[in-house]
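# Examining the three-dimensional arrangement
So you can see what is in the structure, the chains are spelled out below.
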Amino acid sequence: MNYTKGKWYVKDYREGEAKSIRCDCGEGLDAQIAFVLEKGDAHIIAAAVNACIKVNPNNPLAVAESIQEMYEAMKELIKVYNIEADAADSDYHPSCWRQAYEALVKVEGKKW
């Protein structure tokens, strides 16, 4: 499946009205992807697409479709290995545990 490659961003279509989701296609060209009425929705869509492209530029849809599974697996690993804020900093755990813990805190907006 093809997708419009390039960084996606939000632009006002008309002041105070719909937002245009656009893609920087390079060489001074951009493409309009969609119109979205709510500014927050437009920013969520652009951020999600850009993050998926960063993880797998060849198949960002696969990333989007697996986000829930990756989240649940990472959450279970943190629980199984009993990683908490202090434990994640110890010499016993590799630094990736701290990164995983902080990512979950960011996603959930709370510390465990």
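Read on for an overview of the structure. (Residues numbered from 1 in each chain as written. Predicted model: local features only at pLDDT ≥ 70, side-chain atom pairs only at ≥ 80, totals over all residues. Heavy atoms only, no water.)

## So, the overall build of the protein chain
Helix and strand counts for the protein chain come out as four helices and three strands. Helices (α) and strands (β) of the protein chain occur, in sequence order from the N terminus, as β-β-β-α-α-α-α. Buried positions account for 24% of the 112 residues belonging to the protein chain. Contacts in the protein chain between residues at least 24 apart in sequence constitute 26% of all its contacts with a sequence separation of at least 6. (Helix = DSSP H or I, 4+ residues; strand = E, 2+ residues; numbered from the N terminus. Buried < 20%, exposed > 50% of the residue type's maximum accessible area, 1.4 Å probe, protein only. Contact = heavy atoms within 4.5 Å.)

## Points about the pattern of salt bridges
Tallying each qualifying case throughout the model produces two salt bridges. Among the salt bridges present, the one from Arg 22 reaches Asp 30, with a minimum N-O distance of 2.8 Å. The closest approach of N and O atoms between Lys 75 and Glu 108, which form a salt bridge, is 3.2 Å. Of the two residues, Lys 75 sits in helix α2 (residues 60-80) while Glu 108 sits in helix α4 (residues 95-108), which places them 33 residues apart along the sequence. You can call Lys 75 partly exposed: its relative accessible area is 23%. Using a relative accessible area of 22% as the deciding quantity, one classes Glu 108 as partly exposed. (Salt bridge = Lys/Arg side-chain N within 4 Å of Asp/Glu carboxyl O.)

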